[in-house]
Amino acid sequence: MKGVSKAYGEIEAVKKINLQIAAGEFLTFLGPSGCGKTTALRMLAGFETPTMGTVFIDGEDMSDKAAHHRPVNMVFQSYALFPHLTVGQNIAYGLKQQRPKLARSLINEKVGRALETVRLADFKNRRIWEMSGGQQQRVALARAIVNEPKLLLLDEPLAALDRKLRKEMQIELQDLQRQLGITFVLVTHDQEEALSLSDRVCVMRAGEIVQIGTPRDLYDNPQSRYVADFVGTSNFFEGDITAIHDVKVQINLQDGQAYEATLGDDLAVGTRACLSIRPEQIRLSKMEIPGALKVTVQNQIFLGEHTEYLVRHDKLGNIAVLSPRQADADADTLNKGDAAWVQWATEAALVLSNI
Ligand code: ADP
Ligand code: MG
């Protein structure tokens, strides 16, 4: 996508997206509802025309190519299956429209292979309304891969499934992509789904890409508060940058104290920024530690392997802490109202853009 924008009247749904997706890659557009994910996907599919910019597929300019002439298929959130047709007929539907006509034996062979790929070989003659939600999703997938597209677009394909089924289908989707080697572009607002499936995630905000990276990279090196918040959870403290030496930075927080931290984005001294610390990077102690912050325990939730604490600092406010079981022996006996101390490593405290 080269400088691709889409405006609907006053609304700029997508703003100048520049993005190169590699062949065979599993890429995800992640962002809240209304940030332009579907619009971006529909421009790849050819269902929408960019107001500006160009979509290329396999090096070829797609500007004059209608959707049905692109080597692309799309799976919709609603599946868009024909309820009165059988599973086999649904999958064969697109193949039967092709001109020149395909031989019936070839269509049968392709349908059979697609059904096997999604593990529905025995369901060819069932009606759609006889299939469960997860099975219907697999039919929709089979229909989308049956004519071997170069690019498969998936718009929140698992959103209608319950949590357990969604987990299973996530694994199947990933297997399917590896098996077929097709480029997948997925749209989701579910960060867990994005992180677990994708080679790279493209985090979107108000029509723009704010950061692209591998799931690990986005989690460990977010550049903005927005990304740190959307990919995982974090504690945020606003402040002013007072000094920068290489990646070491000093930030003044609301308590009037200067904190040593690590620069996460390209920011200058004097900038209003945000200190971000992941809950699992904070150590909570019942004993006073010199240099640590004194807090009061507000709440604790036992989660088995971990315990989640909410503690409160006089001036900085609430701080979430996630303690693994083995590190928790000392904190185990902390109760609401108790005094405690929190600390973190400078490397785990990132100074980010405050967007
Ligand atoms: P997402 O898929 O991330 O939820 P969309 O791409 O559907 O977001 O929408 C992005 C923005 O464009 C929203 O503000 C939406 O209301 C607007 N939009 C999408 N499609 C149309 C359309 N056909 N006409 C007018 N506005 C649209
Ligand atoms: Mg959408």
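Anyway, here's the lowdown on the structure attached to this text. Residue positions are given per chain, counted from 1 along the sequence in the order it is written. As a convention, the first chain written is A and the first ligand written is 1, with the rest following in written order. Selection of residues for local features in this predicted model requires a pLDDT of at least 70, selection of side-chain atom pairs for listing and counting requires 80 or more, and totals for whole chains, interfaces and linings are taken over all residues. Hydrogens and waters are ignored; side-chain quantities use all the structure's heavy atoms.

1. So, helix H1 (residues 37–45)
For clarity, the cut-off: The cut-offs for exposure are 20% and 50% of the maximum accessible area for each residue type, with area from a 1.4 Å probe on protein chains only; residues under the lower value are buried, those over the upper are exposed, and the others partly exposed. Strands are runs of DSSP state E lasting at least 2 residues, helices are runs of H or I lasting at least 4, and numbering of each runs from the N terminus.
Here H1 lies mainly inside the structure; seven of its nine residues are buried. Every buried residue belonging to H1 is among Lys-37, Thr-39, Ala-40, Leu-41, Met-43, Leu-44 and Ala-45, and all of these are buried. Positive backbone phi, approximately 95°, marks Gly-46, located one or two places after H1.

2. Points about the pattern of salt bridges
Close approach of charged atoms lets side chains of opposite charge pair. What counts here: By definition, a salt bridge exists where a carboxyl oxygen of Asp or Glu is found within 4 Å of a side-chain nitrogen of Lys or Arg.
For the structure on display, the rule yields 16 salt bridges. Linking Glu-168 and Lys-164 is a salt bridge whose minimum nitrogen-to-oxygen distance equals 3.4 Å. Within this pair, Glu-168 and its partner Lys-164 are both found in helix H5 (residues 163–180), separated by four residues, close to a single helical turn. Accessibility expressed as a relative area gives 38% for Glu-168, which makes it partly exposed. A single salt-bridge network, built from bridges that share partners, covers Glu-109, Lys-110, Arg-113 and Glu-148.

3. Side note on the site of ligand 1
Heads up, the rule is: One heavy atom within 4 Å of a molecule or strand is enough for the residue carrying it to be called near that molecule or strand. N or O atoms closer than or at 3.5 Å make up a polar contact, with two conditions inside protein: a donor-capable atom paired with an acceptor-capable one, and, for residues adjacent in sequence, both atoms drawn from side chains. To measure how exposed things are, a 1.4 Å probe is used in the Shrake-Rupley method; for residues, cover is taken only from the protein chains shown.
Ligand 1 sits among Tyr-8, Ile-11, Ala-13, Pro-32, Ser-33, Gly-34, Cys-35, Gly-36, Lys-37, Thr-38 and Thr-39. Within the backbone of Cys-35, an N or O atom sits 3.2 Å from an oxygen atom of ligand 1. Backbone polar atom of Gly-36 to an oxygen atom of ligand 1: 3.1 Å apart, as the coordinates give it. Relative to its free-state accessible area of 560 Å², ligand 1 is covered by the protein chains to the extent of 60%. For the shell around ligand 1, the secondary-structure elements that each account for two or more residues are strand E2 (11–17) and H1.

4. Re the layout of surface pockets
Over the atoms a probe the size of a water molecule is rolled, and this reveals where empty space is left. The following threshold applies: Of the two site types, the cavity is a set of points on a 1 Å grid over the protein atoms alone where a 1.4 Å probe fits but cannot get out, and the pocket is an open set with protein on both sides within 12 Å along at least five of seven lines, each lined by residues with an atom within 4 Å of a point. Grid points are joined across faces, edges and corners, and a volume is the space filled by probe spheres set on the points. Polar here means any residue other than Ala, Val, Leu, Ile, Met, Phe, Trp, Tyr, Cys and Pro, which are nonpolar, and Asp, Glu, Lys and Arg, which are charged; Gly is therefore polar.
Here the largest pocket defines a volume of roughly 760 Å³. Forming the boundary of the largest pocket are 27 residues, of which His-68, Val-72, Asn-73, Gly-94 and Asn-147 lie nearest the centre. Broken down by element, the residue count for the lining of the largest pocket peaks at five residues, all from helix H2 (residues 87–97). Looking at side-chain class alone, the lining of the largest pocket contains 16 nonpolar, seven polar and four charged residues. Empty space within the second largest pocket amounts to approximately 460 Å³. Lining the second largest pocket we find 16 residues, and of these Gln-20, Ile-21, Phe-56, Ile-57 and Asp-58 sit closest to its centre. For the lining of the second largest pocket, the residue count by class is ten nonpolar, three polar and three charged.

5. Digging into the side chain of Thr-39
Cut-off, in case you're wondering: We call two residues in contact whenever any of their non-hydrogen atoms come within 4.5 Å of each other.
You can see Thr-39 is positioned in helix H1. Using a relative accessible area of 11% as the deciding quantity, one classes Thr-39 as buried. Apart from residues lying up to four places away in sequence, Thr-39 is in contact with Lys-6, Tyr-8, Ala-13 and Val-14.

6. Topic: the environment of Pro-32
Relative to the helices and strands, Pro-32 is located in the loop between strand E3 (26–30) and H1. Sequence-distant contacts of Pro-32, that is, excluding residues within four places in its chain, are made with Lys-37, Met-204, Tyr-226 and Phe-230.

7. Notes on the nonpolar core
Heads up, the condition is: In these notes, a set of buried Ala, Val, Leu, Ile, Met, Phe, Trp, Tyr and Cys residues joined through side-chain atoms within 4.5 Å is what counts as a nonpolar core.
Counting residues in hydrophobic clusters, the biggest one holds 35 residues, and the most contacted among them are Ile-91, Val-139, Leu-141, Leu-152, Leu-154 and Phe-184. Looking at this core, the element that brings in the most residues is helix H4 (residues 133–145), giving six residues. Leu-152 has contacts with Asn-73, Val-75, Leu-141, Ala-144, Ile-145, Ile-182, Thr-183, Phe-184 and Val-185, leaving out every residue within four places of it along the chain. Listed in part, the 28 residues of the second largest apolar core include Phe-237, Leu-284, Ile-319 and Ala-349.

8. Some points on the packing of H4 against H5
Filter applied, for reference: A fitted line through C-alpha atoms serves as each axis, taken over the contacting stretch for helices, and the angle formed by two N-to-C directions is quoted from 0 to 180°. For classification, angles of less than 35 degrees are called roughly parallel, those exceeding 145 degrees roughly antiparallel, those between 65 and 115 degrees roughly perpendicular, and all remaining angles oblique. In a left-handed crossing the near helix is turned counterclockwise from the far helix by less than a right angle, and in a right-handed crossing that turn is clockwise.
Closest axis-to-axis distance for the H4/H5 pair is 11 Å, and the angle between their directions is 20°. In terms of orientation, H4 lies roughly parallel with respect to H5. Remark: the crossing between H4 and H5 carries right-handed chirality. Packed against H4, whose contacting residues are Gly-134, Gln-137, Arg-138, Leu-141 and Ile-145, the element H5 presents Leu-165, Met-169, Glu-172, Leu-173, Leu-176 and Leu-180 at the interface.

9. Here's the deal with the sheet that holds strand E11 (residues 208–213)
By way of backbone hydrogen bonds, the strands of a sheet pair with one another, either parallel or antiparallel. Spelled out, the test is: Two strands pair if DSSP finds at least two bridges between them.
Taken in spatial order, the six strands of this open sheet run E7-E8-E9-E3-E10-E11, and their pairing is mixed. Only two strands of the sheet have a single neighbouring strand rather than two, namely strand E7 (72–75) and E11. Adjacent strand axes in the sheet meet at a mean angle of 20°, parallel and antiparallel pairs treated alike. Bridge count between strand E8 (residues 151–155) and strand E9 (residues 183–188): five bridges; the pairing is parallel.

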